[in-house]
2 protein chains.
Amino acid sequence: MSALDKDDRALSQSDKALLALRELILNGELKADERISELSTVERLGVSRTPVRMALVRLEEEGLLESIATGGFAVKSFTEADIADAIEIRGTLEGLAARLAAERGVAPEALAAIQDCVEELDVCVRETAQNPEQFTQYLKLNARFHTMLIDLANSRGLVRQIERASTLPFASPSGFVMAQSVLPESRSILIIAQDQHRAVLDAIQKREGARAEAIMREHARVAHRNLQLALQSQRSFDLVPGGALIRRRATV
Amino acid sequence: MSALDKDDRALSQSDKALLALRELILNGELKADERISELSTVERLGVSRTPVRMALVRLEEEGLLESIATGGFAVKSFTEADIADAIEIRGTLEGLAARLAAERGVAPEALAAIQDCVEELDVCVRETAQNPEQFTQYLKLNARFHTMLIDLANSRGLVRQIERASTLPFASPSGFVMAQSVLPESRSILIIAQDQHRAVLDAIQKREGARAEAIMREHARVAHRNLQLALQSQRSFDLVPGGALIRRRATV
DNA sequence: TGAAGCAAAAATGTATACATAATCAGAAAA
DNA sequence: TTTTCTGATTATGTATACATTTTTGCTTCA
């Protein structure tokens, strides 16, 4: 009857296992570099081994797990360099999307729709000054902006590939937004990022492919800066989704 | 006793199913946009449904299959635009690898090793003039070159992502080499590609990141030209691996 | 006290049984 | 002849049983 019940009925056991497992991993409830026991997972999730197994295979393909030589899977752990590379990869692919959109041209309606999204982001950025809870709203709008931008390239394959690149939560466009929210620099970072949102649309509209590409690459590097800032502050670091998977040099 | 027997023993049923299914798909023995019957597959491969199922899930994640709304999986089909995009994506990521290698610098031994590979390619290209069978050798060396180049970036994540981008056989660096071999332009294409191999290493050695990146992007576009040529000649098209998955506009 | 070996327990990989949902063929009606 | 409905068949999704391998913990020996 409730939305949850409806979801429960609609979702297959395999999907349920996939979602639940992903959450357990990102929350750090399954420790990195440790084998995931299928039996305990069965007990925890209330589904049989078969769907658990399916989910494990999918998560390995996603890059969140790695297979163990003697059988089974373990949660993967990531170094700071891994994360930096992941962000750079996403930036490169989003840059490609922006360039293709600019070069191929986009329908005026699609451009208008994403420009609306930017307007909403503008309001949101302005309001964060008084209302810090706006960050969750920013998170949503920012994710929407990135999805819409990628769609402008009109390429199935590119969407797929960028989705894959953003599977690691700290590589996704929204990865460090919450972590950033507690930093003193937070407002200026928002302003800069928002300016890049506007700039890339301008470039796309003017069919300036190289510029559009360069902007999106630089835009991703905002996340990289946030990563470094987050690593310096425990309070900020705790807000990074999937933070438990990060192998830090020194635990303070 | 034979190598095959040894492999058969070493390979798990799941791996066996994965390899066999991938081959069936690429050979076109499983028709595109048609559901893959698990039961018939079980009979064909001689393994039970469980490993077949695992393989199907993996192949869906790879992008070779798509799930059907009513259950099960079907072989995906690709348009010319899909393939062009896939090649552009690979070129972009290989460009990133080359740039990172140039910017970060590479160990002299690693550079020497890949330069040896280029030397071998040189010999190979020269000999194709008299000996067309050299193309299979070129295929091997070319694949090795690309693998080694990507490794120069020293990034786990990037290797993963490029592997994924090259899963579609026609997106891989070797995808159109055989198709090219029957074209009249084949020798000049080889010479151009080989020059790009040399040039990118020169750029990496001199730490010229932007140049290294641009060269690899352009290098991928050789494959794109080969695609267009191959589409014009049935004889050439038949040599494209996974050609059965390509939805052609007009079948001649 | 430490290491090595062995046995018991538990884990994974595989096969298969079962339930439910989808597909297909055929009959009946328009 | 075409369409629709219904029963039968077959498909997938899930659970579970079984075999083999790995892991663990205890005992024994140096």
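## Things to note about the overall build of chain A
Across its full length, chain A carries 12 helices and two strands. For chain A, the sequential pattern of α-helices and β-strands runs α-α-α-α-β-β-α-α-α-α-α-α-α-α. Considering only C-alpha atoms, chain A reaches an extent of 55 × 40 × 40 Å along its principal axes. Within chain A, buried positions represent 50% of all 252 residues. Here the analysis covers contacts within chain A between residues at least 6 apart in sequence; of these, 73% occur between residues at least 24 apart.

## A look at the relation of the copies chain A and chain B
Of the transformation superimposing chain A on chain B, the axial component is 0.0 Å and the angular component is 180°, with the fit at an RMSD of 0.0 Å. When the rotation and shift are considered jointly, the pair of chain copies conforms to a two-fold rotation axis. Looking at chain A, 100% of its interface residues are interface residues in chain B too, so the copies touch through the same face.

## Examining the protein's contact with DNA strand D
Contacts to DNA strand D come from 19 residues, most closely from A:Gln13, A:Ser14, A:Ser48, A:Thr50 and B:Arg53. Between DNA strand D and A:Ser48 there is a distance of 2.6 Å, counted from a phosphate oxygen to a side-chain nitrogen or oxygen. Interatomic distance of 3.4 Å between a backbone N/O atom of B:Gly72 and a phosphate oxygen of DNA strand D. Elements with a minimum of two residues in the surface near DNA strand D: helix H2 (13-26) and helix H4 (49-62) of chain A together with helix H3 (38-45) and helix H4 (49-62) of chain B. Counting residues per element, the surface near DNA strand D draws most heavily on H4(A), which supplies three residues. Residues that form the surface near DNA strand D fall into these classes: four nonpolar, nine polar and six charged.

## Description of the interface of chain A and chain B
Facing the 32 residues of chain A at the interface are 32 residues of chain B. In this assembly, chain A packs against chain B so that about 2900 Å² is buried in total across both faces, 44% of it on carbon and sulfur atoms. Area buried by chain A at its contact with chain B is led by A:Arg58, A:Glu61 and A:Arg156, which between them contribute 21% of it. The salt bridge involving A:Asp82 is made with B:Arg156; its shortest N-O contact spans 2.6 Å.

## Quick notes on the domain arrangement of chain A
In many reports, interface size means the accessible area that the parts give up when they come together. Residues and elements named next belong to chain A. Split into domains, chain A comes out as domain 1 (3-75) and domain 2 (80-245). Between domain 1 and domain 2, the C-alpha centre-to-centre distance is 28 Å. At the interface, eight residues of domain 1 touch seven residues of domain 2. Overall, the association of domain 1 and domain 2 removes approximately 630 Å² of surface from exposure, summing both partners, and the carbon and sulfur fraction of that is 70%. Summed over the three residues of domain 1 that lose the most area to domain 2, namely Leu26, Glu62 and Leu64, the buried surface amounts to 63% of that side. The interface formed by domain 1 and domain 2 contains zero salt bridges. Inspection of the domain 1/domain 2 interface yields two residue pairs in polar contact (both at pLDDT 80 or more). Only H2 and H4 provide two or more residues apiece to the side of domain 1 that touches domain 2. Residue composition of the side of domain 1 that touches domain 2, grouped by class: four nonpolar, two polar and two charged.

## With respect to helix H10 (residues 186-205) of chain A
Residues and elements named next belong to chain A. In this model, H10 (20 residues) spans 29 Å end to end at C-alpha, consistent with the 28 Å of a helix rising 1.5 Å per residue. On its buried face, H10 sits against helix H5 (80-104), helix H6 (108-127), helix H7 (134-152), helix H9 (177-181) and helix H11 (209-232). Looking one or two residues past H10, arginine 207 carries a phi angle of roughly 60°, positive in sign.

## Thoughts on the packing of aromatic side chains
Within this structure, the stated rule accounts for two aromatic pairs over all chains. Their ring planes at 65° and their centres at 5.4 Å tell us that A:Phe78 and A:Phe170 sit as a pair that is edge-to-face. Here the residue A:Phe78 occupies a position in the loop between strand E2 (73-75) and H5, and A:Phe170 occupies one in the loop between helix H8 (156-165) and H9, the gap between them amounting to 92 residues. Each member of the pair, A:Phe78 as well as A:Phe170, carries the same accessibility label: buried. Over the aromatic face of B:Phe237 sits the side chain of B:Arg248, whose NZ or CZ is 3.9 Å from the ring centroid.

## Brief notes about the confidence of the model for chain A
Reading fine detail from the predicted coordinates is not recommended where pLDDT is low. Across chain A, the average pLDDT comes to 91, with 95% of residues at or above 70. Predicted confidence for residues 1-9 of chain A stays below pLDDT 50, and this span has two contacts to residues more than four positions away or in other chains.

## Topic: the packing of H5(A) against helix H5 (residues 80-104) of chain B
Between H5(A) and H5(B), the shortest axis-to-axis distance is 11 Å and the interhelical angle comes to 135°. By the angle between their axes, H5(A) is oblique relative to H5(B). Considering how the two elements wind past one another, H5(A) and H5(B) form a crossing that is right-handed. Residue-level contacts link A:Asp85, A:Glu88, A:Ile89, A:Thr92, A:Leu93, A:Leu96, A:Arg99 and A:Arg104 of H5(A) to B:Asp85, B:Glu88, B:Ile89, B:Thr92, B:Leu93, B:Leu96, B:Arg99 and B:Arg104 of H5(B). Per-class residue counts for the contact of H5(A) with H5(B) are six nonpolar, two polar and eight charged.

What counts and what doesn't
- Residues numbered from 1 in each chain as written.
- Chains lettered and ligands numbered in written order.
- Predicted model: local features only at pLDDT ≥ 70, side-chain atom pairs only at ≥ 80, totals over all residues.
- Heavy atoms only, no water.
- Helix = DSSP H or I, 4+ residues; strand = E, 2+ residues; numbered from the N terminus.
- Buried < 20%, exposed > 50% of the residue type's maximum accessible area, 1.4 Å probe, protein only.
- Contact = heavy atoms within 4.5 Å.
- Least-squares fit on C-alpha atoms with pLDDT ≥ 70 in both.
- Near = heavy atom within 4 Å.
- Polar contact = N/O pair within 3.5 Å; in protein donor to acceptor, adjacent residues only side chain to side chain.
- Nonpolar A, V, L, I, M, F, W, Y, C, P; charged D, E, K, R; others polar.
- Buried area = accessible area lost by both parts, 1.4 Å probe.
- Salt bridge = Lys/Arg side-chain N within 4 Å of Asp/Glu carboxyl O.
- Domains from an automatic or database assignment.
- Expected span 1.5 Å × (residues − 1).
- Phe/Tyr/Trp six-rings, centres within 6.5 Å; stacked < 30°, edge-to-face > 60°.
- Lys NZ or Arg CZ within 6 Å of the ring centre and 35° of its normal.
- pLDDT = per-residue confidence, 0-100.
- Axes fitted to C-alpha atoms, helices over the stretch in contact; angles between N-to-C directions.
- Parallel < 35°, antiparallel > 145°, perpendicular 65-115°, else oblique.
- Left-handed = near helix turned anticlockwise from the far one by under 90°.

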